[in-house]
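Structure at a glance
As a plain string of letters, each chain reads:
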Amino acid sequence: TVVAVGPGKPHPHTDVLITMPLSEGDDVLFGQYQGTKVKYCLDDHVVITLDDIVAKLDGDNVVPIRDRLLLKPIEKPVETSAGIVLTQEAAKAQEVPNQGEVVAVGEGRFTAKGELEPVDVKVGQKVMYTKYGGTEIEFNGEKLIFVFGADCLAKYD
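None of the values given here were measured: they were computed from a predicted structure.

**Here's the deal with the overall build of the protein**
Check the secondary structure of the protein and you find 1 helix and 17 strands. Put simply, the protein has 157 residues, and 29% of those count as buried. Sequence separation of at least 24 residues holds for 54% of the intrachain contacts in the protein that already meet a minimum separation of 6. When the accessible surface of the protein is summed, it comes to about 10,400 Å², and 52% of that surface belongs to carbon and sulfur atoms.

**A word on the pattern of salt bridges**
Scanning the model with the defined rule gives 7 salt bridges in all. Between Arg66 and Glu107 there is a salt bridge, with its nearest N and O atoms 2.8 Å apart. In this pair, Arg66 sits in the loop between β7 (61-64) and β8 (68-73) while Glu107 sits in the loop between β11 (98-105) and β12 (109-110), placing the two residues 41 residues apart along the sequence. Assessed through its relative accessible area of 40%, Glu107 is described here as partly exposed.

**Structural notes on the sheet that holds β8**
Spatially, 6 strands are ordered β15-β16-β8-β11-β14-β17 in an open sheet, and the strand pairing comes out antiparallel. Strands with a single pairing partner mark the edges of an open sheet, and in this sheet they are β15 (135-139) and β17 (152-156). Between one strand and the next, the sheet's axes are offset by a mean angle of 40 degrees, whatever the strand orientation.

**Some details on unusual backbone geometry**
The phi dihedral of Cys41 is positive, around 55 degrees, even though this residue is not glycine. In this fold, Cys41 is placed in the loop between β4 (36-40) and β5 (43-47). Although it is not a glycine, Leu42 adopts a positive phi angle of roughly 65 degrees. Structurally, Leu42 can be placed in the loop between β4 and β5.

Parameters at a glance
The residue numbering used here restarts from 1 in each chain and proceeds along that chain's sequence as written. This being a predicted model, a pLDDT of at least 70 is required before a residue's local features are given, and a value of 80 or more before pairs of side-chain atoms are given or counted; all residues contribute to the totals for chains, interfaces and linings. Only hydrogens and water are set aside; all other atoms, that is, all heavy atoms of the structure, feed into the side-chain values. Every helix listed is a DSSP run of H or I at least four residues long, and every strand listed is a run of E at least two residues long, numbered separately from the N terminus. Relative accessibility decides the category of a residue: with a 1.4 Å probe and only protein chains considered, values under 20% of the type maximum give buried, values over 50% give exposed, and everything between is partly exposed. For this analysis, residues touch if any pair of their heavy atoms sits within 4.5 Å. Surface accessibility in these figures is a Shrake-Rupley result with a 1.4 Å probe; residues are shielded only by whichever protein chains are displayed. Any carboxyl oxygen of Asp or Glu that lies within 4 Å of a side-chain nitrogen of Lys or Arg is treated as forming a salt bridge with it. Being paired, for any two strands, means DSSP has found at least two bridges between them. For helices, the fitted axis covers only the stretch in contact; all axes are lines through C-alpha atoms, and the angles between them, taken along N-to-C directions, range from 0 to 180 degrees.

Laid out in C-alpha cells, this is it:
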C-alpha cells in the first residue's frame, strides 16, 4: 500500500512535469528485488520509484502502469525443420521469441511535451516480445508477465 507519493518528475529533456499516476492508499505490484527497505516509525517500508512499479491493484483487477502490458504467456510446442517437437526448455535455447496474449494495457507513455501517447496494442491481441523483457508474477494462481510496450516486437490476432 502506498503511504506517500510525490507530484511526479520532470521529463529529462524538456522539464515538463510528468504527473504521478498513483495516490496514497493505492495497492501496487513491484518486483521483489526493487526498492530500498527502510524502517520508519517502527514499521517496515520499501522506497521505490515509479519505474519499479508494474501495476496498480483495483479490487480484483490488475491495472498496468503507464506503457506496460500484462500478458498471459503462450507456450507452444516448437518444431524443428525436420518436424521434431522440442520441449519448452529446448525451445528456450533455440532463440524463439516469447509470445503472450494481452490481458491488460496501461494508459500509455508521456511524450517530451507531456502528451499521453497510448500503447498501440489491445486486450486480446497476441504479441511477440523480447527474450529477456518483462517481469513475471503469479496472480490468482496464474502465471503472467508485465512488459513495456516498447519490448513488443510484433502483434497479431
